Amino acid sequence: MSVWWFSVHLVPRLPRNPAVLLALIAIVYVAVQLVVLPYGMPLEWDEAVYASQVAPGVPDAVFSAPRARGIVWLVAPVVYFTRDPVLIRLWMTLLSGIGFCLAFLPWSFLLRRSVLVLSAALFGGLWTTLLYGTQVMPNLYVAFGCAAATGCLLLALRGGPARAALAGLAASVAAVAVLRPGDALWLALPLAAVSLLRRRVKLAAVTSAGVVAGFVPWIVEAYVSYGGPLSRWRAAGEVQGGLSLSPGFLHQFKTANGPVFCRPCTLPLEDPWPAAWWLVLPVLALAGAIVSLRSVSLPSVSRDAVDPVSAPSAPGSPGVPAAAVAAVTGFSVAVPYLLLVDYGAPRFLLPAYVLLAVPAAEFLLWLVARRASRVVAGAVAVALLAHAAVQMTVLVELADQQDRQRSYNAQVVRDMAKRGVRPPCTMVDDLVDPAMTFVSRCDTLNLTDPGDSLEARMAAAEPGRVFALLTKKEPPEPMAGWQRYVLREKDGEPLWTAYITRKDTAR
């Protein structure tokens, strides 16, 4: 199916009601998740940290300075009742579908249906967007908030429903700040700048107020647990390895098709071609922004029109090109992860991807219409199909890899439970994995924490409390005399070994 056929024949037959159209797209997005992804996949490290904050019977994992509570609140309605990963992932999938609709809803009044559908498909078809639709992670919802905020700002500049646009702008920016405060600053910067350039001080004020409102929970927690906002901000930077000029763009390119996390990112760049889309997307977005800038003097096109592919998207207002604003905002939210963070995780760039998808779709459809050639349309269609194939291949491979690794680790912990490691219990290690403690429901003791010690913890423990060390190496001296269980072997050698003792039998 060519892009030309898609735009001329299929798009006019799509529902004209934006809510119905977006609901259909979101249903497809959710359906792909349900069909492709493994829903029994146990929670990983970060997910377990967030879920443990509200799961009854599970000790709270350490909530480090960079984290924020937004994603905790999103997962709370299901985690409060169950730790079953299937139900947790189904709940997150439902939320991701709703978030997808809300993210693109403002854009349905700004873009032609062809651009709306293609931009939503470009973003929804990324492996990162699909994989993290089931995950208890904030980045996808930050992306939804960034898209919604930018769209609402443009609607307000266009002179759309003022109250709804302002409320949507404030709520979206606040939601981003609640989820990831640092990302909210990089979102608000271009939005406020565009508002001031258009002499709409009220919009800049609403954007700023949204940021402040969203920061309130983070600031309150900073005073309670970190000695104030500045101390927490510095601690957050230290956890991230220090925020300074770094080749984050190289790390992000290396991980564009996996792995899901790379720190330190020393992966060799052996086969970069499947990740070429990562380099092409910003080029397409920049081209789309230029096309959008050149079309600002053209009249707006109603979304109820026949929607020919050659027509420009309706600009946010006279002189305010929607695709160009989306591109600038997309590049802005990518800055910290491309230039300041010295490791890679593909999910970090989801907010940039959702915004860059709009100008990229704008340019592709403009290119097809400009050339009016079946060859060009066919080339674009083939490129998009190849891109979709790469994304689905990566999605299946990474999802399977993650499922196998997480399931393996979770089963190791369950095998510990067969040896008596059940609440009340404490897992001891230099770096205890919260995903494992979420399964075991044990609290933790970090041996490197200067404010705690094994001797003090055992002395204060109630009789019957179990202490367990799960390790792949030799145990520290105090634990060498504990009961030893080899849980996993590799080539006849111990791989995972548990050392277990109980308070009333400890020597």
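Please refer to the structure placed before this passage.
Reading the values: rules and limits
- Residues numbered from 1 in each chain as written.
- Predicted model: local features only at pLDDT ≥ 70, side-chain atom pairs only at ≥ 80, totals over all residues.
- Heavy atoms only, no water.
- Disulfide = S-S within 2.5 Å.
- Buried < 20%, exposed > 50% of the residue type's maximum accessible area, 1.4 Å probe, protein only.
- Helix = DSSP H or I, 4+ residues; strand = E, 2+ residues; numbered from the N terminus.
- Expected span 1.5 Å × (residues − 1).
- Bend = angle between axes of the 7 residues up to and from the residue.
- Salt bridge = Lys/Arg side-chain N within 4 Å of Asp/Glu carboxyl O.
- Contact = heavy atoms within 4.5 Å.
- Pairing = 2+ DSSP bridges.
- Core = buried A, V, L, I, M, F, W, Y, C linked by side-chain atoms within 4.5 Å.
- Axes fitted to C-alpha atoms, helices over the stretch in contact; angles between N-to-C directions.
- Parallel < 35°, antiparallel > 145°, perpendicular 65-115°, else oblique.
- Left-handed = near helix turned anticlockwise from the far one by under 90°.
- Nonpolar A, V, L, I, M, F, W, Y, C, P; charged D, E, K, R; others polar.
- Right-handed = clockwise from strand over helix to strand, strands pointing away.

Caption draft 1: Seen up close, the state of the cysteines. Here the structure, examined in full by the defined rule, presents two disulfides. The disulfide bridge from Cys262 ends at Cys265, spanning 2.1 Å between sulfur atoms. Around the S-S axis, the bridge from Cys262 to Cys265 shows a dihedral of about 110° and counts as right-handed. Across the pair, exposure class does not vary: Cys262 and Cys265 are buried alike. With a sulfur-sulfur separation of 2.0 Å, Cys425 is cross-linked through a disulfide to Cys442. Note on the Cys425 and Cys442 pair: the S-S dihedral is about -95°, so by sign convention the disulfide is left-handed. Note that Cys425 is positioned in strand β1 (residues 425-429) and Cys442 in the loop between α18 (434-440) and β2 (443-446), a separation of 17 residues in sequence. Relative accessible area serves as the criterion here: at 2%, Cys425 is assigned to the buried category. Residue classification places Cys442 among the buried residues on the basis of a relative accessible area of 1%. No disulfide involves Cys101; its sulfur sits 14 Å from the nearest other cysteine sulfur, which is in Cys152. Cys152 carries a free sulfur, and the closest cysteine sulfur to it, the one in Cys146, is 12 Å from it.

Caption draft 2: Main features of helix α15 (residues 322-340). With 19 residues, α15 should cover 27 Å at 1.5 Å per step; its first-to-last C-alpha distance of 28 Å lies within 8% of that length. Along α15, the sharpest change in direction is near 45° and occurs at Ala334; proline Pro336 comes one to four residues later.

Caption draft 3: View of the pattern of salt bridges. Throughout the structure, instances matching the rule amount to 15 salt bridges. Measuring nitrogen to oxygen at the nearest pair gives 3.0 Å for the salt bridge that ties Glu47 to Arg406. Here Glu47, found in helix α3 (residues 45-52), pairs with Arg406, found in helix α17 (residues 374-418); they are 359 residues apart in sequence, far enough to count as distant. With respect to burial, Glu47 and Arg406 carry one shared label: buried. A salt bridge links Asp400 to Arg404; the shortest N-O distance between them is 2.9 Å. Taken together, the residues span about one helical turn, with Asp400 and Arg404 both in helix α17 at a distance of four residues. If you follow the salt bridges from partner to partner, you end up with Asp443, Asp452, Arg457, Glu462 and Arg465 in one network.

Caption draft 4: View of helix α10 (residues 181-197). Compared with the 24 Å implied by 1.5 Å per residue over 17 residues, the 25 Å span of α10 between its first and last C-alpha is a close match. What α10 keeps buried is the set Pro181, Asp183, Ala184, Leu187, Ala188, Pro190, Leu191, Ala192, Val194 and Ser195. Summarising the contacts, the buried residues of α10 are in contact with α8 (139-158), α9 (162-179), α11 (201-225) and α15. Taken from the residues just after α10, Arg199 is the one with a positive phi, measuring 60°.

Caption draft 5: A look at the pairing of strand β4 (residues 483-490). When β4 meets strand β5 (residues 493-502), the two strands line up antiparallel, connected through seven bridges. Paired with Val486 across the bridge in β5 is Thr497. Counted along the chain from β4 to the antiparallel partner β5, the turn is two residues long, and its residue Asp491 has a positive phi close to 55°.

Caption draft 6: Examining the nonpolar core more closely. Phe100, Phe104, Trp107, Phe123, Leu169 and Tyr353 are the most contacted members of the largest nonpolar core, which totals 123 residues. Residues Val421, Val432, Cys442 and Ala498 belong to the second largest nonpolar core, which totals 16 residues.

Caption draft 7: Seen up close, the sheet that holds β4. The five strands are arranged β2-β1-β3-β5-β4 in an open sheet whose pairing can be described as mixed. In this open sheet, the two edge strands, each paired with only one partner strand, are β2 and β4. Each adjacent strand pair in this sheet contributes to an overall mean axis angle of 25°, direction not counted.

Caption draft 8: Structural view of the packing of helix α5 (residues 85-104) against α8. Contact geometry of α5 with α8 gives a least axis separation of 8 Å together with a crossing angle of 15°. Overall, the two elements α5 and α8 adopt an arrangement that is roughly parallel. Crossing handedness for the pair α5 and α8: left-handed. Contacts between α5 and α8 pair Met92, Leu95, Ser96, Gly99, Phe100, Leu102 and Ala103 from the former with Leu140, Tyr141, Phe144, Ala147 and Ala148 from the latter. Among the residues making up the contact of α5 with α8, the classes are represented as 10 nonpolar, two polar and no charged.

Caption draft 9: Representation of the pairing of β1. With respect to burial, β1 is a largely interior element, five of its five residues being buried. Of the two faces of β1, the one holding Cys425, Met427 and Asp429 and the one holding Thr426 and Val428 are both buried throughout. Pairing geometry for β1 and strand β3 (residues 466-471), over four bridges, is parallel. The residue bridging Met427 from the neighbouring strand is Ala468, located in β3. Crossover β1 to β2 through α18 is right-handed.

Caption draft 10: Summary view of unusual backbone geometry. Looking along the chain, the bond that leaves Arg263 and enters Pro264 is cis, with omega of -5°. In this fold, Pro264 is placed in the loop between α13 (248-254) and α14 (276-294). Omega for the peptide link from Pro423 to Pro424 comes to 0°, which places this bond in the cis form. Along the chain, Pro424 falls in the loop between α17 and β1. For Arg199, which is not a glycine, the phi torsion comes out positive at approximately 60°. Relative to the helices and strands, Arg199 is located in the loop between α10 and α11. Positive phi values are uncommon outside glycine, yet Asp491 reaches one of about 55°. You can see Asp491 is positioned in the loop between β4 and β5. Relative accessible area serves as the criterion here: at 74%, Asp491 is assigned to the exposed category.

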